[in-house]
Amino acid sequence: MTGPGTNSFLIGEEEVAVIDPGPDDPAHIRAILDTAEGRISHILLTHAHLDHSAGVARLAQATGAPVFAFGPAIAGRSPTMERLAATGLVAGGEGIDTAFQPDITLRHGEVLQSSDWTIEALHTPGHIGSHLSFRLDDAIFCGDLVMGWSTTLISPPEGDLVDFLRSLDLLGRLAPRILYPAHGDPVANPPQRLAELAAHRRARSAQIMAALSLGPQTARDLAARIYDIPPALVPAAERNVLAHLLALWDLGAVLCEGPPAAGAVWRIA
């Protein structure tokens with residue numbers, strides 16, 4: 001689900017900030033160290049999924065640089081997702097780094113500066129509540145929020161569709177010239193891609209409502225009906241459907257038979 005792998009970005013000349021060290025891959029970390037030539041001063045993390053954060057400890061040990069992030073993996077959950085987590089709903093196996101703890105936490109709008117760069121932290125939840133993007137001049141390093149080759153997995157209780165759409169809107173208002181995702185190529189036309197992603201989510205919600213008009217169904221039932229994908233991707237599709245159902249539930253458009261859960265039965269309100 002990471003496409004060609006995780007992109008690690010190095011910013012600066014005299015002092016180098018590394019965004020997303022990536023997995024705990026010694027060759028990958030060595031490539032970062034060789035490129036930076038001893039100048040790494042900051043380690044920035046968009047979010048604590050293992051394909052982004054597992055390499056943090058190895059890089060921090062090698063450089064002594066402090067690690068900046070929004071917080072641990074479960075930080076930043078919306079009230080709805082906190083309630084769902086309290087009822088026992090667990091993540092869908094997308095590699096949450098439960099052991100991660102930053103040295104320094106960042107909040108929305110906080111600014112980091114060196115002699116040759118200024119980076120602003122943007123809280124952009126949706127893929128996960130603790131997700132940060134980083135703005136450098138007219139570019140935004142957007143982690144897993146926006147990708148050009150794929151849509152983002154939104155898996156409750158970490159992922160929240162309502163938060164995701166708000167974060168897309170935030171990036172749109174900031175009007176970046178270019179987006180640098182953590183997976184895949186840069187997004188050269190951000191307004192177009194942001195609009196596509198929002199439209200895709202609206203269309204998916206409409207598909208779910210149309211399918212529910214045939215009768216009550218589980219998220220797995222709906223995923224099997226709506227998606228035409230290899231079996232290995234069905235669990236991820238089911239989590240995305242659940243994210244849409246929870247957003248529709250918040251709006252009062254659907255009802256859940258019993259407490260919301262991965263295997264719950266849903267129907268039109």
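Calculation notes
- Here, residues in each chain are numbered from 1, in the same order as that chain's written sequence.
- Note on the predicted model: pLDDT of at least 70 is required for a residue's local features to be given, and 80 or more for side-chain atom pairs to be given and counted; whole-chain, interface and lining totals, by contrast, use all residues.
- Remark: hydrogens and water are excluded; side-chain values derive from all non-hydrogen atoms of the structure.
- For the purposes of this entry, the term helix denotes a DSSP run of H or I that reaches at least four residues, the term strand denotes a run of E that reaches at least two, and both are numbered from the N terminus.
- When a residue's accessible area, from a 1.4 Å probe over protein chains only, is under 20% of the maximum for its type it is buried; when over 50% it is exposed; and in between it is partly exposed.
- Throughout, a residue-residue contact means that at least one pair of heavy atoms, one from each residue, lies within 4.5 Å.

> Hey, could you go over the environment of Ser167 for me, with residue numbers and the actual values?
As for its position among the elements, Ser167 is in helix α5 (residues 161-174). Here Ser167 falls in the buried class, since its relative accessible area comes to 3%. Between the C-alpha atoms of Ser167 and Thr124, which are 43 residues apart in sequence, the distance is 5.0 Å. When near neighbours in sequence (up to four residues on either side) are disregarded, Ser167 contacts Thr124, Pro125 and Leu145.

> Give me the lowdown on the side chain of His123, citing residues and values where you can.
Considering the arrangement of structural elements, one finds His123 in strand β7 (residues 118-123). When residues no more than four places from it in sequence are discounted, the contact partners of His123 are Phe70, His108, Gly129, Ser130, His131, Leu132 and Leu170.

> Account for unusual backbone geometry, with residues named and values stated.
Pro156 connects to Pro157 through a cis peptide bond whose omega is 5°. The topology assignment puts Pro157 in the loop between β9 (139-143) and α5. With phi around 55°, Glu37 is a residue other than glycine that occupies positive phi space. Within the secondary structure layout, Glu37 lies in the loop between α1 (26-36) and β3 (40-44). Since its relative accessible area comes to 60%, Glu37 is described here as exposed. Even without glycine at this site, Ala175 takes up a positive phi of about 50°. Turning to its location among the elements, Ala175 is positioned in the loop between α5 and β10 (178-181). Classification of Ala175 as exposed rests on a relative accessible area of 56%.

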